[in-house]
Amino acid sequence: MEFICQKDLLQKAIQHTERIVSARSTLPVLANLLFEVNGAVLKITSTDMEIGIEKKVKISTSKPGSVLINSKTISSIVNKLPDADVKLKVLDNQTIEITCAQSHFNIHGLPAEEFPQIPKIENGVEFQINKDNLKDLIKQTIISVSIDESKHILNGVLVEIDSDSLIGVATDGYRLSQKSIKEKHEISEKIRMIIPTKALHELLSITAEGKEEKIKVNYSDSMANFTFEDFYLSTRLIKGQYPDYKQVIPKEFKTEIMVSKEEFTDALERCQIIASSSANIVKIEVLDDKLLINASTPDIGNVNEMISISKNNDHKLQIALNVRLLLEALKIISADKIKLSLIDSLKPGTISPVSDKKDDEFLYVVMPIRTAENK
């Protein structure tokens, strides 16, 4: 096997594929990247047995063949090479010769036959998703995915797809994110799949620089494959019954508040300075046309913030919430104004953008914190 490739193209391809390589895998072969040359195309593949990524790169002066190269070694070498064409050639006994300008490496490789194949779906459901819609869905739901491995079913985003909509849901038990987008899909039955967090991060990375508008999806009960430009990503899906998230979303509210996202964010960030030392608790009190936000930590001090609001009635209430969870929601909302909907001090509230985008909805449910005042 032999090829010549532009250094920057090779470097980016390695960066995209090496991220899922685990240093703690029980299978040593998974510490490698699979390099395959066929014609004027180099394909680099990585897998951790749950996710697989293939990236194709244009090359020149090629000879077909394949080899396994240690991911960390080849990444470190290419990152430090000068900005010139890189020549890679496989010699006898899987020795790999790498030449770039005045730099010359000889490193050890392994036979390609030892690498597990990335699974392909046969007779799956094929359809397309708008790239930007999928990116928005991931960004606005992934913050709520549970990191508790004992809650396996919540370690990913539930994606529901039917003929005219795309919905994503994630929850960790303390908050819930729901993203709903109107989009046409050529499918005959509704699809529900729980995509693991790691695969979602890779999808965001893969689609960050691409120019195509659509991502091709191939779905089966246990797996989903995504094809975008020169990338192919295969992931196992999380199996099990996702909780009925609709029961968590409040149907009616006593008070709906409109507030500037910037003012609310700034006030919360100042309160977080004090709240971070007392379980991130902030108390929010709804007054006539103001929102009073305060936090207190015995050994540090307290803070009070007052911001202007508009609301739908004269109902007053107080609720304690986790300031970190509030700020994480506000950071992924692009609208200038947000709506804070509340019932009472012991029931969940919601945050949503005030937006003119009728085909795009985001809802964030956050659970209240019980304090001495509201028990």
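Before reading on, note that the structure itself is shown above.
Predicted model only: the values in this text are computed from it and were never measured.

Focus on unusual backbone geometry
Unlike most non-glycine residues, A279 shows phi in positive territory, near 60°. Of note, A279 is situated in the loop between α5 (261-275) and β19 (281-286). Residue classification places A279 among the exposed residues on the basis of a relative accessible area of 55%. One non-glycine residue, N280, adopts positive backbone phi at about 65°. Its location among the elements puts N280 in the loop between α5 and β19. Here N280 falls in the buried class, since its relative accessible area comes to 18%.

Details of the state of the cysteines
Under the defined criterion, the tally for this structure stands at zero disulfides. With no disulfide of its own, C5 has C100 as its nearest cysteine by sulfur position, at a separation of 11 Å. C100 gets classed as buried once you look at its relative accessible area, which sits at 0%.

Concerning the nonpolar core
Grouped together as the largest cluster of nonpolar side chains are 36 residues, with contacts concentrated most on F264, L268, V282, L291 and I293. Leaving out residues up to four positions away in the same chain, L268 has contacts with V282, I293, V323, L326, L327 and L330. I129, I138, L166 and I181 belong to the second largest nonpolar core, which has 34 residues in total.

Points about the side chain of R175
Position of R175 among the secondary structure elements: in strand β13 (residues 175-182). The class for R175 is buried, based on a relative accessible area of 5%. A polar side-chain atom of R175 sits 3.0 Å from a polar atom in the side chain of D172. A distance of 2.9 Å separates a polar atom in the side chain of R175 from a polar atom in the side chain of Y364.

Quick look at the pattern of salt bridges
This structure, assessed with the given rule, holds 14 salt bridges. For E202, the salt bridge goes to R19, with nearest N and O atoms at 2.9 Å. Remark: R19 occurs in the loop between α1 (7-18) and β2 (32-38) and E202 occurs in helix α4 (residues 197-207); sequence separation between them is 183 residues. Residue E202 is classed as buried on the basis of its relative accessible area, which comes to 6%. Where salt bridges share partners, they join D172, R175, R324 and E328 into one cluster.

A short note on the layout of surface pockets
A probe matching the size of a water molecule, rolled over the atoms, marks out where space remains unfilled. Volume-wise, the largest pocket comes out at about 430 Å³. Forming the boundary of the largest pocket are 17 residues, of which L9, K55, E229, D230 and F231 lie nearest the centre. Among the elements of the structure, α1, β4 (51-58) and α4 are those that each provide at least two residues to the lining of the largest pocket. As a volume, the second largest pocket reaches approximately 370 Å³. Lining the second largest pocket are 15 residues, and of these H152, N155, P196, K198 and I238 lie nearest its centre. Grouping the constituent residues of the lining of the second largest pocket by class yields six nonpolar, four polar and five charged.

Notes on the sheet that holds strand β7 (residues 85-90)
In space, the five strands of this open sheet follow the order β5-β1-β7-β8-β9, with antiparallel pairing throughout. Looking at the sheet topology across the chains shown, the edges are occupied by β5 (60-63) and β9 (103-108). This sheet shows a mean twist of 20° between the axes of neighbouring strands, independent of strand direction. Looking at chain direction, strand β1 (residues 2-6) and β7 are connected through five bridges and run antiparallel. By the bridge assignment, I4 is partnered in β7 with K87. Where α1 meets the sheet, it contacts β1 and β7, and its direction lies at approximately 100° from that of β1. Here helix α2 (residues 71-80) sits on the sheet and contacts β7, β8 (95-100) and β9; the angle it forms with β9, its principal contact strand, is near 180°.

Looking at α2
Of the residues making up α2, those classed as buried are S71, I74, S75, I77 and V78. Down the axis of α2, the smallest arc covering the buried residues is 165°, so these residues share one side. Counted as exposed and oriented over 90 degrees from the buried face of α2: K72 and K80. Residues of α2 that are buried in the fold lie against α1, β2, β6 (65-70), β7, β8 and β9. The N-capping residue of α2, defined by a side-chain oxygen 3.1 Å from the backbone nitrogen of K72, is N70.

Description of α1
Look at α1: 16 Å from first C-alpha to last across 12 residues, which is about the 16 Å you get at 1.5 Å a residue. Those residues of α1 that sit buried are K7, L10, Q11, A13, I14, H16 and T17.

Structural notes on the packing of α1 against α2
The N-to-C vectors of α1 and α2 enclose an angle of 150°; their axes lie 10 Å apart at closest approach. Considering their axes alone, α1 and α2 lie roughly antiparallel with respect to each other. For the pair α1 and α2, the sense of crossing is left-handed. Seen from α1, the contacting residues are K7, L10, Q11, I14, Q15 and E18; seen from α2, they are S71, I74, S75, V78 and N79. Taken together, the residues that form the contact of α1 with α2 break down as four nonpolar, five polar and two charged.

Definitions and limits used
Residues numbered from 1 in each chain as written. Predicted model: local features only at pLDDT ≥ 70, side-chain atom pairs only at ≥ 80, totals over all residues. Heavy atoms only, no water. Helix = DSSP H or I, 4+ residues; strand = E, 2+ residues; numbered from the N terminus. Buried < 20%, exposed > 50% of the residue type's maximum accessible area, 1.4 Å probe, protein only. Disulfide = S-S within 2.5 Å. Core = buried A, V, L, I, M, F, W, Y, C linked by side-chain atoms within 4.5 Å. Contact = heavy atoms within 4.5 Å. Polar contact = N/O pair within 3.5 Å; in protein donor to acceptor, adjacent residues only side chain to side chain. Salt bridge = Lys/Arg side-chain N within 4 Å of Asp/Glu carboxyl O. 1 Å grid on protein atoms, 1.4 Å probe; cavity = no way out; pocket = protein on both sides within 12 Å on 5 of 7 lines; lining within 4 Å. Points joined across faces, edges and corners; volume = space filled by probe spheres on them. Nonpolar A, V, L, I, M, F, W, Y, C, P; charged D, E, K, R; others polar. Pairing = 2+ DSSP bridges. Axes fitted to C-alpha atoms, helices over the stretch in contact; angles between N-to-C directions. Arc of directions from axis to C-beta. Expected span 1.5 Å × (residues − 1). Parallel < 35°, antiparallel > 145°, perpendicular 65-115°, else oblique. Left-handed = near helix turned anticlockwise from the far one by under 90°.

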